[in-house]
Amino acid sequence: MPDQLLDPSPLARAVTGYITAYWASRVLVQFFHFDRSAAPPGAFSTLAEVALVGLFISLTAIYGCAAMA
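Cut-offs applied
Residues numbered from 1 in each chain as written. Predicted model: local features only at pLDDT ≥ 70, side-chain atom pairs only at ≥ 80, totals over all residues. Heavy atoms only, no water. Helix = DSSP H or I, 4+ residues; strand = E, 2+ residues; numbered from the N terminus. Contact = heavy atoms within 4.5 Å. 1 Å grid on protein atoms, 1.4 Å probe; cavity = no way out; pocket = protein on both sides within 12 Å on 5 of 7 lines; lining within 4 Å. Points joined across faces, edges and corners; volume = space filled by probe spheres on them. Nonpolar A, V, L, I, M, F, W, Y, C, P; charged D, E, K, R; others polar. Expected span 1.5 Å × (residues − 1). Buried < 20%, exposed > 50% of the residue type's maximum accessible area, 1.4 Å probe, protein only. Patch = residues over 30% accessible without salt bridge, like charges linked within 9 Å, V, L, I, M, F, W, Y side chains within 5 Å. Areas by Shrake-Rupley, 256 points an atom, 1.4 Å probe, with all protein chains shown as cover. Salt bridge = Lys/Arg side-chain N within 4 Å of Asp/Glu carboxyl O.

Visitor: A description of the overall build of the chain should follow, citing residues and the corresponding values.
Guide: For the chain, the helix and strand inventory stands at three helices and zero strands. Order of helices (α) and strands (β) in the chain, N terminus to C terminus: α-α-α. Overall, the C-alpha framework of the chain stretches about 45 × 20 × 15 Å when taken along its three principal axes. If you take every contact in the chain between residues at least 6 apart in sequence, the share linking residues at least 24 apart comes to 69%.

Right, dumping it as structure tokens:
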């Protein structure tokens, strides 16, 4: 129900704000909790991590914009 999430109601702001906080905390966990030294070496692993972090950041931005709308 994307139309209801984009509705400027307090419930929609609360839900999208919670989702934003979740993905923002996931970005922080990725950078500050996980030990990258155990990751396999190589370009594929580096590219996969960049794609994963990019996805987390984009989801944070998308839901953040929806919460502010």
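Visitor: Any details on the layout of surface pockets? Residues and values, ideally.
Guide: The gaps of empty space that remain are located by a probe, the size of a water molecule, rolled over the atoms. Estimates place the volume of the largest pocket at around 190 Å³. Every residue lining the largest pocket is listed: Gln30, Phe34, Asp35, Arg36, Ala39, Pro40, Gly42, Ser45, Thr46, Ala48 and Glu49. No other element matches the four residues that helix α3 (residues 43-68) contributes to the lining of the largest pocket. The residue makeup of the lining of the largest pocket, split by class, is four nonpolar, four polar and three charged.

Visitor: Give a description of helix α2 (residues 10-32) that names residues and reports values.
Guide: Here α2 contains 23 residues, and its C-alpha end-to-end distance of 32 Å stays within 8% of the 33 Å for a straight helix at 1.5 Å per residue. Every buried residue of α2 is accounted for by Ala12, Thr16, Thr20, Trp23, Val27 and Gln30. Where α2 is buried, its residues contact α1 (2-6) and α3.

Visitor: A description of a nonpolar patch on the surface should follow, citing residues and the corresponding values.
Guide: The grouping of Leu5, Leu11 and Val15 at the surface amounts to a nonpolar patch, some 250 Å² of accessible area in total. By the secondary structure assignment, Leu5 is in helix α1. Looking at Leu5, the relative accessible area reads 31%, which means it is partly exposed.

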